[in-house]
Amino acid sequence: MAENVADQISNMDINNQPQAPAEAKSKGNGKPKGEAKQKGEAKPKAEVKTTLKELNPWPVYIQDRIALWDKLKAEADAAIAAKVPTPIQITLPDGKIVEGNSWRTSPFDIASGISAGLAENTVIAKVNGKLWDLDRPLEESCSLQLLKFDDEDAQKVFWHSTAHILGEALERCYGGCLCYGPPIENGFYYDMFIQDQQVSNFDFPVLENVMKAAIKEKQPFERLEMKKEDLLEMFKYNEFKVRILNEKVDTPTTTAYRCGPLIDLCLGPHVRHTGKIKAFQITKNSSTYWEGKADAESLQRVYGISFPDNKQLKEWQRIQEEAAKRDHRKLGREYELFFFHELSPGACFFTPHGAHIYNTLVDFLRNEYRQRGFQEVITPNVYNSKLWLTSGHWQHYSENMFSFEVEKETYAMKPMNCPGHCLLFDHRVRSWRELPLRLADFGVLHRNELSGALSGLTRVRRFQQDDAHIFCTMGQIKNEINGALAFLRDVYQIFGFTFQLRLSTRPEKYLGEIETWNHAEKELTESLNEFGEAWQLNPGDGAFYGPKIDITIMDALRRPHQCATIQLDFQLPIRFNLSFINESGEKEKPVIIHRAILGSVERMIAILTESYAGKWPFWLSPRQCVVVPVGPMFDGYAQQVREQIAAAGFRITADIDAGDTMNKKIRNGQLSQHNFILVVGEKEQTNGTVNIRTRDNKVHGEHSVAKVIERFTQLSKERILNSEDSF
């Protein structure tokens, strides 16, 4: 199914649940050690053979579809051939103008005219900023971009096309009804409904062989604009496509695409032909619900990844292997940081070690807030549903809220802080002298995620955010955005993250005055330019209530994560009738800036756990130091050192277990990721010193306890990332 129809569904729910439907049972590689094997994981040693094979004959609906397609495609081709071409000018990114003819010249023709290599490596075109099939004729004078796989839009198209090839294999092997098949952050998936049958990971080789055959045939991707009634006839065998057509498609026509025997309802665009997919892998499978609704049909979902080069696939596989070793769920148990329990799904238990990390992160942000003029507030956890009706969340989000009845009134636990902050702003008359008013809140939030969507700390039901809302005037927007950008850069540099910025501007369906939008977008653009970091424009992807800056961080494995957000909001002040008294003594509406840097503290801990692979920098580390005596006679001095350093506020233990040798204790300290191991013996006891080595066995030699405390204080205060490099 077309990516953008899935997007239409996601736009109906601000949690984007339908775009990534909750999985009834998640299965896949990289499960923490000790958990039960599930579908999609690596094969056990005992050989198990699949009974799956390609259907012979194929399902009847395939040939019926092709017959209708061939008829309508011939008519469409004849209509294009009958169009009279006119001279057009195609403007390339460097300003060069190429001559062409409407309805005849295609982006592929232009690429071929530049060089054969460019034509071969181009994945997709952009015409006047809109993605466009390479073989689709240009209709008028236009600007043209030719995108390679390193472009994010090109990757989405590449993975979307591979999803269609997977869909072809699913139909040819199972004969089921295809549902949605979009690209996702890393790869793609396809959902399929089949009666009384499940996909098994042992089926993967069969599916991959069918996909390889389709790729070898270099099946062209053909585009056809069709009438809705023709599409309903074409997909009458598939109740899910019929639902989409009836419920989501509100235009007389829409498009379908064909590759080989597969024809699918899809807005595209796609690569030129299936042969462009040089390397791919089916990665896992799971069960899911139609459009994420637990009371709807259960579907089979199959995931995959693909690349235009086999080396890229090999590198991706290497990263996946490393990511499995770093899985935060696995490391969380191994290092006793956090765990989950079936009696409270989606709500994490943080052990003393994990709570130290959690509280240190929150304290870090609190300190930054004080320096940057934010004021921390505490707001209720439970509100009457009338609040959410006013904010507009109830109409779109109530299914994702924990609600209950008290004295015949409906209440709900808050899933976000902004409506409560509006009440706080509005509880008395505000003056322009108070603005900008920067309110920060670490309040506990709850979201009623479906159980199948829960995933460690990255998708939970109970969490906290470094949530803040800035109430300001239109004239203060630029200064506040400058401050927000500087804030996130300072924080991410401490963590060792790089980041990417995107400005998402006014969508087609927006609320408010266009002059307000234009002013805000101008201010954001100027702030980004002055910030000095590279950024990209993401036109038309802003929220309906204001433009935004999307920030994506890159972890140690170069994996992207979106945590921070800077979002302008013109609508909440209107919904809550907020105002302040301006310098002229008149009422004026403020602008709200939603911003977060960590996002969910829980999710950030998951990202940091995997990025650091459990080797926390000293200032965050739950195991900063361990004292190891060379023998039992020095246990007393080891305890004395521990007490001195602990009194200075650092996390330190003394290993005086008589059952282990000194070398064993040192090794234990290194394996448990203590940043420093302090070895003490007769010389150290006499001199009041310790002998220092690191978890990576780097020896820093003998230092006084006072020097150790001084260095530890510096490491904590300055939040030095590579804290063990020198002493």
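Residues numbered from 1 in each chain as written. Predicted model: local features only at pLDDT ≥ 70, side-chain atom pairs only at ≥ 80, totals over all residues. Heavy atoms only, no water.

### Some details on the environment of Val127
Mapped onto the secondary structure, Val127 falls in strand β4 (residues 124-127). Judged by its relative accessible area of 8%, Val127 is buried. Sequence separation between Val127 and Glu718 is 591 residues; the distance between their C-alpha atoms is 49 Å. (Helix = DSSP H or I, 4+ residues; strand = E, 2+ residues; numbered from the N terminus. Buried < 20%, exposed > 50% of the residue type's maximum accessible area, 1.4 Å probe, protein only.)

### Thoughts on the packing of aromatic side chains
Taken as a whole, this structure holds 36 aromatic pairs when the rule is applied. Ring plane angle 65 degrees and centroid distance 5.9 Å describe the contact between Phe338 and Phe350, whose orientation is recorded as edge-to-face. Of the two residues, Phe338 sits in strand β15 (residues 338-339) while Phe350 sits in strand β16 (residues 349-350), which places them 12 residues apart along the sequence. The exposure class assigned to Phe338 is buried, which follows from its relative accessible area of 4%. Overall, Phe350 belongs to the partly exposed group, its relative accessible area being 22%. Note on Phe495 and Phe497: the rings are 5.9 Å apart at their centroids and 55 degrees apart in plane angle, and the pair reads as tilted. Accessibility assignment for this pair places Phe495 and Phe497 in one class, buried. (Phe/Tyr/Trp six-rings, centres within 6.5 Å; stacked < 30°, edge-to-face > 60°.)

### Concerning the environment of Asn56
On the secondary structure map, Asn56 appears in the loop between β1 (23-25) and α2 (60-82). By relative accessible area, Asn56 is classed as exposed at 76%. For Asn56 and Ile720, which are 664 residues apart along the polypeptide, the C-alpha to C-alpha distance reads 64 Å.

### So, the pairing of strand β31 (residues 591-596)
Side-chain positions along a regular strand alternate between the two faces of the sheet. Most of β31 is tucked away: six of the six residues are buried. Residues Val591, Ile593 and Arg595 of β31 are buried on one face, and the alternating residues Ile592, His594 and Ala596, pointing to the opposite face, are buried as well. The pairing of strand β24 (residues 467-472) with β31 spans five bridges and is classified as antiparallel. By the bridge assignment, Ala468 is partnered in β31 with Arg595. (Pairing = 2+ DSSP bridges.)

### Looking at the sheet that holds strand β28 (residues 560-569)
Read from one edge to the other, the open sheet built from eight strands follows the order β17-β21-β24-β31-β28-β27-β25-β26, with strand pairing classed as mixed. The open sheet has two free edges, formed respectively by β17 (375-376) and β26 (535-538), since each of these has just one partner strand. Looking at chain direction, β28 and β31 are connected through five bridges and run antiparallel. When the sheet's bridge partners are listed, Thr565 is paired in β31 with Ala596. Across the face of the sheet, helix α14 (residues 418-425) comes into contact with β21 (437-441), β24 and β31 while running at roughly 40 degrees to β24. (Contact = heavy atoms within 4.5 Å. Axes fitted to C-alpha atoms, helices over the stretch in contact; angles between N-to-C directions.)

### Topic: the nonpolar core
By size, the foremost hydrophobic cluster in this structure holds 60 residues, and its most contacted members are Leu361, Tyr492, Phe495 and Ile549. Take this core: its biggest share by element is 10 residues, from helix α15 (residues 477-495). When sequence neighbours within four positions are dropped, the list of residues in contact with Phe495 reads Leu361, Phe364, Leu598, Leu608, Tyr612, Trp619, Leu620 and Leu721. In this structure, Leu166, Val199, Leu207 and Leu313 belong to the second largest nonpolar core, which totals 42 residues. (Core = buried A, V, L, I, M, F, W, Y, C linked by side-chain atoms within 4.5 Å.)

### Structural notes on empty space enclosed by the protein
What the rule picks out here adds up to two cavities of 30 Å³ or more. Computed from the structure, the largest cavity encloses a volume of approximately 60 Å³. Lining the largest cavity are Tyr335, Leu337, Gly614, Trp616, Ser621, Pro622, Arg623, Ser672, Gln673 and Arg695. Looking at the lining of the largest cavity residue by residue, the classes come out as four nonpolar, four polar and two charged. In this structure, the second largest cavity occupies an estimated 30 Å³ of space. Considering the residues around the second largest cavity, the lining is formed by Ala484, Phe487, Leu488, Ile551, Ala564, Thr565, Ile566, Arg595, Ala596 and Ile597. Elements with a minimum of two residues in the lining of the second largest cavity: α15, β28 and β31. Each residue belonging to the lining of the second largest cavity can be placed in one class, and the counts come to eight nonpolar, one polar and one charged. (1 Å grid on protein atoms, 1.4 Å probe; cavity = no way out; pocket = protein on both sides within 12 Å on 5 of 7 lines; lining within 4 Å. Points joined across faces, edges and corners; volume = space filled by probe spheres on them. Nonpolar A, V, L, I, M, F, W, Y, C, P; charged D, E, K, R; others polar.)

### Quick notes on the packing of helix α19 (residues 635-647) against helix α22 (residues 705-718)
The packing of two helices is summarised by the inter-axis angle and the distance between the axes. Two elements in contact, α19 and α22, have axes separated by 10 Å at closest approach and are oriented at 35 degrees. For the element pair α19 and α22, the recorded crossing hand is right-handed. Contact residues: Tyr637, Val641, Gln644 and Ile645 in α19; Val705, Val708, Ile709 and Phe712 in α22. Split into classes, the residues belonging to the contact of α19 with α22 amount to seven nonpolar, one polar and no charged. (Left-handed = near helix turned anticlockwise from the far one by under 90°.)

### Concerning the side chain of Glu602
Relative to the elements of secondary structure, Glu602 occurs in helix α18 (residues 601-612). In contact with Glu602, other than residues within four places in its own chain, are Phe350, Tyr358, Leu457, Arg462, Phe463 and Gln464.

### A look at the pairing of strand β36 (residues 699-704)
Relative to β36, strand β35 (residues 689-694) is paired through five bridges, and the arrangement is antiparallel. What sits directly across from Arg693, in β36, is Val699. Between β35 and β36, which pair antiparallel and follow one another directly, the connecting turn spans four residues, one of which, Asn697, has a positive phi of 70 degrees.

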